[in-house]
Structure formats: C-alpha cells, structure tokens
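# Secondary and tertiary structure notes
Each chain is listed here by its residues.
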Amino acid sequence: MIPQRSHGFVLTMVLIMFTVIALITAALTQNTQLLVTQTHRQQIAAINRNQILSAQAWARHQAEPSGETVILDVNDLSSRPNRLEVQWTDSNHINVQAWARWGSQQRTQEQELDL
C-alpha cells in the first residue's frame with residue numbers, strides 16, 4: 001500500500017505568499033502615487049516661481065510701462081504649456097498671473113510685485 005501524502009499545506013503556504021506579495025505591491029504602488037503627486041506639486045511651484053521672476057525681470061527692462069495686459073511667451077521655459085500675463089498697475093508695480101501645468105496638476109498664481 002502506498003502512503004497518501006497531503007499537499008494541502010504546501011498549497012496553503014503558496015496562497016499565503018501570493019497574498020502577502022499582493023499586499024506589499026499594493027502598498028508600494030500607493031506610496032509611489034503619493035510621491036508622484038508631491039513631485040508634480042513641487043515642480044509646478046518651481047515653474048510658477050521662475051515665471052514670476054521672469055516677468056519681474058522683463059518688466060524692469062521695459063522702456064515705458066503700459067496699462068494693458070501683456071502675455072509673455074514662456075512655453076520655451078518648460079516642456080509643458082504655460083501662460084504668463086503681466087499688467088502694470090502704476091510705474092513701479094506690476095500684477096503677474098502665472099499659469100502652469102505638470103502631469104495631472106495645474107496651478108494659477110497671481111502676485112503683485114514692486115519693480
């Protein structure tokens with residue numbers, strides 16, 4: 001007579017291992033998504049900061065301030081579409097509106113600057 005072997009224990013261990021691997025993968029995926037979102041937010045903040053400094057430098061080198069809104073071409077500063085509007089409020093102040101998009105994040109920042 002051949003002894004009967006029970007393979008249920010090995011199958012149970014394999015299923016438990018697959019479950020543990022699936023849980024670890026899910027946790028790592030969630031953390032990766034959080035890091036990507038935070039990275040996009042920081043990238044947008046850096047783009048907005050650079051745009052506002054560019055607007056301030058551009059306004060300082062203008063001969064005569066005009067009261068109209070000027071849209072500057074800033075698409076070459078990054079690989080994503082951006083928008084930068086500058087409007088003089090008086091001869092020493094400008095109003096800057098910077099719009100940037102990175103990944104799924106989008107941000108508009110408006111600031112009044114002294115020249």
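Sequence order sets the numbering: in each chain, residues are counted from 1 along the sequence as written. This being a predicted model, a pLDDT of at least 70 is required before a residue's local features are given, and a value of 80 or more before pairs of side-chain atoms are given or counted; all residues contribute to the totals for chains, interfaces and linings. Side-chain measures here rest on the full set of heavy atoms in the structure, leaving out hydrogens and waters.

### Description of the overall build of the protein
Broken down by element type, the protein carries one helix and four strands. Secondary structure elements are taken from DSSP: a helix is a run of H or I of four residues or more, a strand is a run of E of two residues or more, and numbering for both begins at the N terminus. Traced from its N-terminal end to its C-terminal end, the protein shows the element sequence α-β-β-β-β. Throughout, exposure labels follow a simple rule: accessible area from a 1.4 Å probe, protein chains only, divided by the maximum for the residue type, with under 20% read as buried, over 50% as exposed, and the rest as partly exposed. Here the protein holds 115 residues, and the buried ones make up 23% of them. Two residues form a contact once any of their heavy atoms are found within 4.5 Å. Long-range pairs, those at least 24 residues apart, make up 40% of the contacts in the protein with a sequence separation of at least 6. Accessible area of the protein: about 8700 Å², with a carbon and sulfur share of 55%. Under the convention used here, a 1.4 Å probe and the Shrake-Rupley method define accessible areas, while residue burial counts only the protein chains that appear.

### With respect to the nonpolar core
Buried residues of nine kinds, namely Ala, Val, Leu, Ile, Met, Phe, Trp, Tyr and Cys, make up a nonpolar core once their side-chain atoms join them within 4.5 Å. Membership of the largest hydrophobic core is limited to twelve residues, which are Ile 52, Ala 55, Ala 59, Val 70, Leu 72, Val 74, Leu 84, Val 86, Trp 88, Ile 94, Val 96 and Ala 98. Listing elements by their share of this core, those giving two or more residues are helix H1 (8-60), strand S1 (69-72), strand S2 (83-90) and strand S3 (93-102).

### Let's talk about the pairing of S1
Burial of the side chains of S1 is restricted to one face: Val 70 and Leu 72 are buried, whereas none of Thr 69 and Ile 71 on the reverse face is. Any two strands with at least two DSSP bridges between them are considered paired. As defined by bridge partners, S1 adjoins S2 across four bridges and the pair is classed as antiparallel. In the strand pairing of S2, Val 70 is matched with Val 86.

### Structural notes on H1
Between the first and last residue of a helix there are one fewer steps than residues, each counted as 1.5 Å, and that sum is the expected span. With 53 residues, H1 ought to run about 78 Å at 1.5 Å a step, and its terminal C-alpha atoms sit 78 Å apart, in line with that. For H1, the full list of buried residues reads His 40, Ile 44, Ala 45, Ala 46, Ile 47, Asn 48, Gln 51, Ile 52, Ala 55, Gln 56 and Ala 59.

### Examining the side chain of Glu 85
As for its position among the elements, Glu 85 is in strand S2. Other than its neighbours up to four places away in sequence, Glu 85 contacts Thr 69, Val 70, Ile 71, Asn 95, Val 96 and Gln 97.

### Regarding the confidence of the model for the protein
Summarising the model, the protein shows a mean pLDDT of 79, and 80% of its residues fall at 70 or more. How sure the predictor is of each residue is captured by pLDDT, a score from 0 to 100. For the protein, per-element mean pLDDT is lowest for strand S4 (residues 105-114), which scores 72, and highest for H1, which scores 87.

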